[in-house]
Amino acid sequence: MAREAQLAVEQVFRQDGGRLLAGLTRRFGDLSLAEDVLQEACRKALELWPRLGVPDNGAAWLATVARHVAIDQLRRAGKNVRDAEAVLSHLPALPMQEAEPIEDDRLRLLFICCHPALAPEAQVALALRTLCGLSTAEIARAFGVAESALSQRLLRAKRKISEARIAFELPASEQWPLRLAQVMHVIYLVFSEGYCASGGQSLLRFDLCFEALRLARLLNSLLPDQAEVQGLLALLLLQASRGAARLSSDGDLLTLEEQDRRLWHGDLIAEGLALLAQAMAARKSGPYQLQAAIAALHAKAATASQTDWRQIHALYGALLRHKPEAVILLNAVIACAMAYGAEHGLAWLTRLEALPSLARSHYLHAARADLLRRQGDIGGARAAYAQAAALASNAVERRYLLRRHEEMREV
């Protein structure tokens, strides 16, 4: 029963933790307090659920206990009130007028975490940790930094909020553009972690993918004329359309070439393509629109061999002008190899190894292995697959790379 209760608490926290924390933050106006009382509610659940049984609505149970814990803490701090409602009425909280344009607590908290007084990297880390419930280790892997460094970043962000007395209030509509880029970045990172988990035993985390899509849809409904918001939503829809085809019946990773394209979700593709067309009509090109355009070319290809790699390579060139990042450069090199021959890509990969962020990346070595395989260099491919597998943090990706490694033995 204890194990069952523990699994139930973990499941509720993973599925509803972000929503609960956002609601507590709105209600009490204090992120640190909200985090503390939610953690205490989880502790009480681990203590009581094995004896009392798992409640039908675990999220509601945690919310109620967390509110009571908060009220007790405030009373001990000297709040002279008669009952819970009086306590809540005296607390600084976010406005909830019916005319308020942001109606979703989690999107509210996302805008709050992206306050311009915080360093950009701290904004993203804080939002991923508090809103989406990603662990410090998961966020550190996403950023490519040490877990200890990420912990210090989060600590500084929370201290900044406290010391600077940053109010938990929504920005005025004219101030949204100052935070919009970071808000979109967080949504994209949440989806990316759900679509291809940076570590662990599972490749896909559908809860994160669904949450990112939900937030992107809500953001698009609030800002319907923003081409980049439309581009972001289009990108997520087009990538999500392939979700069901990315794993075999045995749970093994399937590449684009291996996937059964009949399993791709046609409705999501159609919605994504329509949104992308609407965004591009504004003629305000941006990185999310360009990435969506790349995803659209994959979606339109009836077979892997019909993929327009030359156009994809050109789009990556345009994307690099917006975001000159190592991982985008790696993808551009792969597209170049697919469009113009493996030898072109291999020459570039040798140069990319000089970049610290890629030298220890399993993606670079996996790309080299694939290109060597296509060239017929079986020994080189086998060695590269082994090196990639040794660096992969996700168990599903590691199994795929080891499978490829063994296939090279049989050739």
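Chemist: I would appreciate a short explanation of the overall build of the protein in the present structure.
Modeler: A count of helical and extended segments in the protein gives 20 helices and zero strands. Its C-alpha atoms put the protein at 80 × 55 × 40 Å along the principal axes. With 411 residues in all, the protein has 50% of them scored as buried. Of the accessible surface of the protein, which amounts to about 19,900 Å², a share of 51% is contributed by carbon and sulfur atoms.

Chemist: Looking at this structure, I do not really get the side chain of Gln239. What am I missing?
Modeler: Along the polypeptide, Gln239 turns up in helix 11 (residues 227–240). Ignoring any residue separated from it by four or fewer positions in sequence, one finds Gln239 in contact with Phe191 and Tyr195.

Chemist: Mind showing me how you'd approach the pattern of salt bridges here?
Modeler: Two side chains carrying opposite charge are able to pair once their charged atoms lie near each other. For the structure shown, the criterion picks out 19 salt bridges. The salt bridge partner of Arg262 is Asp260, with a shortest N-O separation of 3.0 Å. Here Arg262 falls in the exposed class, since its relative accessible area comes to 74%. The shortest N-O distance in the salt bridge between Arg404 and Glu407 comes to 3.2 Å.

Chemist: I tried to follow the packing of aromatic side chains on my own but got confused; where do I start?
Modeler: Aromatic ring pairs are reported here in terms of the distance separating the ring centres and the angle at which the planes meet. Using the criterion set out here, one finds four aromatic pairs in the structure. Between Phe191 and Tyr195, the aromatic rings sit 5.6 Å apart at their centres with planes inclined by 20 degrees, giving stacked as the arrangement. Of this pair, Phe191 and Tyr195 both sit in helix 9 (residues 176–195), four residues apart, which is roughly one turn of the helix. Each member of the pair Phe191 and Tyr195 is classed as buried. Sitting above the plane of the Tyr195 ring, Arg246 keeps its charged end 3.9 Å from the centroid.

Chemist: When you look at unusual backbone geometry in this model, what are you seeing that I'm missing?
Modeler: With a phi close to 55 degrees, Arg283 is a non-glycine residue in the positive phi region. Residue position: Arg283 is located in the loop between helix 12 (266–280) and helix 13 (287–300).

About the criteria used
In this numbering scheme, every chain counts its residues from 1 along its sequence in written order. Only residues with pLDDT of at least 70 are given local features in this predicted model, and only at 80 or more are side-chain atom pairs given and counted; all residues enter the totals for whole chains, interfaces and linings. Working from all heavy atoms in the structure, the side-chain values ignore hydrogens and water. Only DSSP runs of H or I with at least four residues qualify as helices, and only runs of E with at least two residues qualify as strands; both kinds are numbered from the N terminus onward. Relative accessibility thresholds used throughout: buried, under 20% of the residue-type maximum; exposed, over 50%; partly exposed, between the two (1.4 Å probe, protein chains only). Areas reported as accessible are Shrake-Rupley estimates using a 1.4 Å probe. Residue values count occlusion only from the protein chains shown. Only heavy atoms enter the contact rule, under which two residues are in contact if any of them lie within 4.5 Å. The salt bridge criterion pairs a side-chain nitrogen of Lys or Arg with a carboxyl oxygen of Asp or Glu, the two atoms within 4 Å. Two rings from Phe, Tyr or Trp (for Trp, the six-membered ring) form a pair when their centres are within 6.5 Å of each other. A pair whose planes differ by under 30 degrees is stacked, one over 60 is edge-to-face, and the rest are tilted. The criterion is that NZ of a Lys, or CZ of an Arg, lies within 6 Å of the ring centre and within 35 degrees of the ring normal, and then a charge sits over that ring.

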